[in-house]
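Observations on the model geometry
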Amino acid sequence: MEENKKEIILEEIMVAYGNELVRLAFNYVKDKENAKDVVQNSFIKCYKNLGDFRNESSVKTWLYRITINESKDYLRSWHHRKVQAKSFVQEAAKSILPSAEDKVIKESDNHQIRQLIFSLPKSYREVIFLYYYKSLIMDEIAEVTGVNLNTVKTRLRRGKQKLKIMMEEAGIYEE
């Protein structure tokens, strides 16, 4: 099958079944973003195998089978198990006396706090955002930013100190 025709067919399939497949994947992976990733992988498999589809079933059931298999593969993946373990550890750590500024930053959707964070220098803002809002651990932040682990630790500590001062000045945080 020629590439142009495959692309047109895939686009039609994505429009017709995309939302259904995301809901299906969500029932397995229990996370909207991961469900979208699973469906994206399903569409990639669909595109690659479109020429081999023999019409023995409907396109819809074929896509459902691909999506279910992709969902199950995701649940067996190392990434999923790592994320599950990380969230368990984070929940356990939250219950062990979090510092006051950690609690304020993590639990707040306060627009003013976000403004303060985004007014920090980029190097501090980046690690604070990844640590508190994206829940990455220090090693992951070092990997994502391409910065030495000790530098990440220093930036996070200094960024928290600067943010604490800014929050105190703004009357958001008091010891």
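Here goes a summary of the coordinates provided.

**Here we look at helix H7 (residues 122-133)**
Spanning 12 residues, H7 covers 15 Å between terminal C-alpha atoms, matching the ideal 16 Å at 1.5 Å per step. Buried within H7 are the following residues: Tyr124, Val127, Ile128, Leu130 and Tyr132. At the exit of H7 stands Ser135, carrying a positive phi of roughly 55°.

**Considerations on the packing of helix H1 (residues 3-29) against helix H2 (residues 32-49)**
Remark: H1 packs on H2, axes separated minimally by 8 Å, with the N-to-C direction vectors making an angle of 145°. Crossing of H1 over H2 shows right-handed handedness. Contact with H1, carried on its side by Glu3, Lys6, Glu7, Leu10, Ile13, Met14, Gly18, Leu21, Val22, Ala25, Phe26 and Val29, involves Lys32, Asn34, Ala35, Lys36, Val38, Val39, Phe43, Cys46, Tyr47 and Lys48 of H2 and no other residues of that element. Classifying every residue of the contact of H1 with H2 gives 14 nonpolar, two polar and six charged.

What counts and what doesn't
Residues numbered from 1 in each chain as written. Predicted model: local features only at pLDDT ≥ 70, side-chain atom pairs only at ≥ 80, totals over all residues. Heavy atoms only, no water. Helix = DSSP H or I, 4+ residues; strand = E, 2+ residues; numbered from the N terminus. Expected span 1.5 Å × (residues − 1). Buried < 20%, exposed > 50% of the residue type's maximum accessible area, 1.4 Å probe, protein only. Axes fitted to C-alpha atoms, helices over the stretch in contact; angles between N-to-C directions. Left-handed = near helix turned anticlockwise from the far one by under 90°. Contact = heavy atoms within 4.5 Å. Nonpolar A, V, L, I, M, F, W, Y, C, P; charged D, E, K, R; others polar.

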